[in-house]
Amino acid sequence: MELVEAIILAVLAASTPLLIAATGELVTERSGVLNLGVEGMMIVGAACGFAGAWLTGSILVGALLGIVAGTLMSLVFALMALGLAVNQVATGLALTILGIGLSGLIGAGFVGERITPAVHLHIPGLTDIPMIGRVLFGEDGFVYFSVALIVGVWWFLYRTRAGLILRACGDNHVSAHALGYPVLRIRTFTVMFGGACAGLAGAYLPLAYTPFFIPGMTAGRGWIALALVVFSSWRPGRLVVGAYLFGAVTILQLHAQGWGVGIPSQFMSALPYLATVIVLVLLSRARTGGSTAPAALGTVFVPDR
Amino acid sequence: MQLVLEKRAERSNTIALVSPLIAIGLTIVTMTILFAILGKNPLLALHAYFIAPLTDGYSLQEIAVKATPLVMIAIGLSLCYLANAWNIGAEGQFLIGAVAGSWIAVKTQGTDAGAWVLPAMLVLAAAAGALYALIPAICKVKFGASEILTSLMLVYVADLFLDYLVRGPWRDPHGFNFPTTAEFDPVATVPLLIEGGRLHLGSIIALLVVAAAAILLGRTIKGFEIRVVGAAPRAARFGGFNANQLIILTFAVSGALAGLAGIIEVAGPVGHLQPGISPGYGFTAIIVAFLGRLNPLGILIAGLFLALTFIGGEQAQIAMKIPLDVTKVFQGILLFYVLACDSLILYRFKLVFPSRQVTRGAG
């Protein structure tokens, strides 16, 4: 029972950065913009987040700095892809390459340092309930925030007028523009939201997941978050399922390594990446009836005047 | 008053020619600022980056050695990008090529195997790279899975596979437990062009690849199809060109070239298989492809330029303690500027005055 509880806790912790980053990217993509720079924004968020927490001793400052860093990175993307109408795929790749370099530069002075990780909630009585106590009432703040975030995004996209307009921009930017909606301004906001989420997701890694910073510590999580958005068919509900499933795969392969299953550790470590490929193939295959992606996703829009 | 983009009536050929130069100029300005922020003398740093490597024979050879994999991979990627197929997993195809070729080198180690070893390694590496690149291509064509994500995921898988081999079955028993194979035999090594130098046969192969790509794109129907499918997919459909077939073809070719670059790197400058054989060649090659305007000759020049930044970065680190990550920042910024300047080929900036425009529209 102890083990089951430990595994669930570990799965939630491993899933949270994926969920936060994918939530941001889902909103970005719903408005019709494909930002492939999630990995780059995450890794800069991780470096800045750790730097902030180490310098001030405050996890909250670290998290906020991660958000700011991710947002600034996304503004570079917005300037290029929206302002200059540059190909979004190429711009996203450039953002990731730049982010990996920047994070190395920022984080270089902090490698080897440790911080006190984010505290976990503790409500006497509730947290001590066997099995579910720690899972429900003993998480760190990021986990609760990620759940609130995806619920908020679902409510915004499907229950508000602004959310409807946002989705309209993603499905047909010409019509949205003709109706008088400021497509590029809306998209700039969604790109910034995606950047803020990616920055926070990156900051989560050194602030709560492991209490230190190492270069390249995002290890492809930004790319997995992008795959999760495809997996979710651009729907918040399925995104939660996908993120926790992927977290589970990550943790199970770690435990399998620990149990000494006779498979080399590198093969187990490759599992999350292979699982991503397989899931993408299976899902794309199941969707022969037509694409569920926002119709204008990844296309350049230059308003006529 | 507002600054907006406006589509040009036709693409500007002047800008197309000068845009890479503008991009490099802007990058150097940005780097000057970055060096100043890092507290280094910008002029000395720029000298270490761009001038010092050009002043001695060893560094010049080293630039050609570094440019070799970059150019080979970027030529393949340019075919993909021209056909609008997004292979961004060249790093993985590079590693798998290195692994496949090394297999022959490891298995023939210490035997009296003859001169067939190196050619066999090159062929096997190219085949393995092509097959590895075909995974995302087939997933894309058959199932519609995003080739961007699948090709990238396979980079991590290739990296782990290589790691497993050199820590497990292929580890050099006399290697003091370092994760590396034994040094390859002379028959499994890419020959040097100058005795005692650094330049090796791979650079010649890279030049041949550039020439072949120039002929393919400029003189053959296949090359024409590749360009049309990318530039005008609808016209290509009416023309009866098979876009899916071209995705498969361009992925296979780019995978083969990346795999070939991988084994040439391992059997050439490195001399054995170990983790970290690539300082991100597969990703830097994306920048090379775009900086070279997806044009074979342009890629050759761009490859040499980015190789210069690798060597310059190492020298700047030794001479001025500038972190190596600055090179990656430099490369990222360069790609941004290249893409931004390219935008001006198709668009131009225009100042608009919204209020006045409305009155004019009404009148």
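Right above here is the structure, for reference.
A short tour of the structure in this document, coming up. As the structure is a computational prediction, the values presented were derived from the model and not from experiment.

1. Here's the deal with the overall build of chain A
- Of the regular secondary structure elements, chain A holds 13 helices and 0 strands.
- Helices and strands in chain A line up, N terminus first, as α-α-α-α-α-α-α-α-α-α-α-α-α.
- Relative to the 2.2 N^0.38 estimate, which gives 19 Å for 305 residues, the radius of gyration of chain A is 19 Å and therefore close to what a compact globule would have.
- In chain A, buried positions account for 51% of the 305 residues.
- Restricting to contacts in chain A with at least 6 residues of sequence separation, those with at least 24 account for 78%.

2. Here we look at the overall build of chain B
- Each helix and strand counted, chain B has 14 helices and 2 strands in total.
- Relative to its length of 363 residues, chain B is compact, with a C-alpha radius of gyration of 23 Å against a globular reference of 21 Å.
- Here the C-alpha coordinates of chain B stretch approximately 90 × 60 × 35 Å along the principal axes.
- The 363 residues of chain B split such that 51% are buried.
- Counted over contacts in chain B with a minimum sequence separation of 6, partners at least 24 positions apart contribute 78%.

3. Here's the deal with the nonpolar core
- In this structure, Leu228 of chain A together with Val71, Ile73 and Val288 of chain B are the most contacted members of the largest nonpolar core, which totals 220 residues.
- Dropping the residues within four chain positions of it, Val288 of chain B is found in contact with Leu70, Val71, Ala74, Ile299, Ala302, Gly303 and Leu306 of chain B.

4. Some details on the environment of Ala105 of chain B
Residues and elements named next belong to chain B.
- Position of Ala105 relative to the elements: it lies in helix α4 (residues 90-107).
- Taking C-alpha positions, Ala105 is 8.1 Å from Leu118, a pair spaced 13 residues apart along the chain.
- Ignoring anything within four residues of it in the chain, the contact list for Ala105 reads Val117, Met121, Phe184, Ala188 and Ala267.

5. Concerning the interface of chain A and chain B
- Contact with chain A, which involves 38 residues of that partner, is made by 41 residues of chain B.
- At the level of secondary structure, the elements contributing two or more residues to the side of chain A that touches chain B comprise α4 (88-107), α10 (221-231), α12 (265-269) and α13 (271-286) of chain A.
- In terms of residue count, α4 of chain A provides more of the side of chain A that touches chain B than any other element does, 12 residues in total.
- Grouping the amino acids of the side of chain A that touches chain B by side-chain chemistry returns 28 nonpolar, 8 polar and 2 charged.

6. Some words on the packing of helix α1 (residues 2-30) of chain A against helix α6 (residues 141-159) of chain A
Residues and elements named next belong to chain A.
- At a minimum axis distance of 9 Å, the contact between α1 and α6 shows a crossing angle of 25°. Our classification of the angle between α1 and α6 gives roughly parallel. Two packed elements cross with a definite hand, and for α1 against α6 that hand is left-handed. Seen from α1, the contacting residues are Leu12, Thr16, Leu19, Ile20, Thr23, Leu26, Val27 and Arg30; seen from α6, they are Phe142, Val143, Ser146, Leu149, Ile150, Val153 and Leu157.
- Partitioned by chemical class, the residues of the contact of α1 with α6 number 11 nonpolar, 3 polar and 1 charged.

7. Considerations on α10 of chain A
- With respect to burial, α10 of chain A is a largely interior element, 11 of its 11 residues being buried.
- Among the residues making up α10 of chain A, those that are buried are Arg221, Gly222, Trp223, Ile224, Ala225, Leu226, Ala227, Leu228, Val229, Val230 and Phe231 of chain A.

8. With respect to the environment of Pro117 of chain A
Residue and element names in this part refer to chain A.
- Mapped onto the secondary structure, Pro117 falls in the loop between α4 and α5 (132-137).
- The exposure class assigned to Pro117 is partly exposed, which follows from the 16 C-beta atoms found within 10 Å.
- In sequence terms Pro117 and Leu72 are 45 residues apart; their C-alpha atoms lie 25 Å from each other.
- Those residues within four positions of Pro117 in sequence are excluded, and the remaining contacts are Leu207, Ala208 and Pro211.

9. Focus on unusual backbone geometry
All names here are of chain B.
- With a phi close to 70°, Asn177 is a non-glycine residue in the positive phi region.
- Secondary-structure assignment places Asn177 in the loop between α6 (147-167) and α7 (201-219).
- The class of Asn177 is exposed, set by 9 C-beta atoms lying within 10 Å.

Rules and cut-offs
Residues numbered from 1 in each chain as written. Chains lettered and ligands numbered in written order. Predicted model: local features only at pLDDT ≥ 70, side-chain atom pairs only at ≥ 80, totals over all residues. Helix = DSSP H or I, 4+ residues; strand = E, 2+ residues; numbered from the N terminus. Rg over C-alpha atoms; globule rule 2.2 N^0.38 Å. Buried ≥ 20, exposed ≤ 12 C-beta atoms within 10 Å, placed from the backbone. Contact = placed C-beta atoms within 7 Å. Core = buried A, V, L, I, M, F, W, Y, C linked by C-beta atoms within 7 Å. Nonpolar A, V, L, I, M, F, W, Y, C, P; charged D, E, K, R; others polar. Axes fitted to C-alpha atoms, helices over the stretch in contact; angles between N-to-C directions. Parallel < 35°, antiparallel > 145°, perpendicular 65-115°, else oblique. Left-handed = near helix turned anticlockwise from the far one by under 90°.

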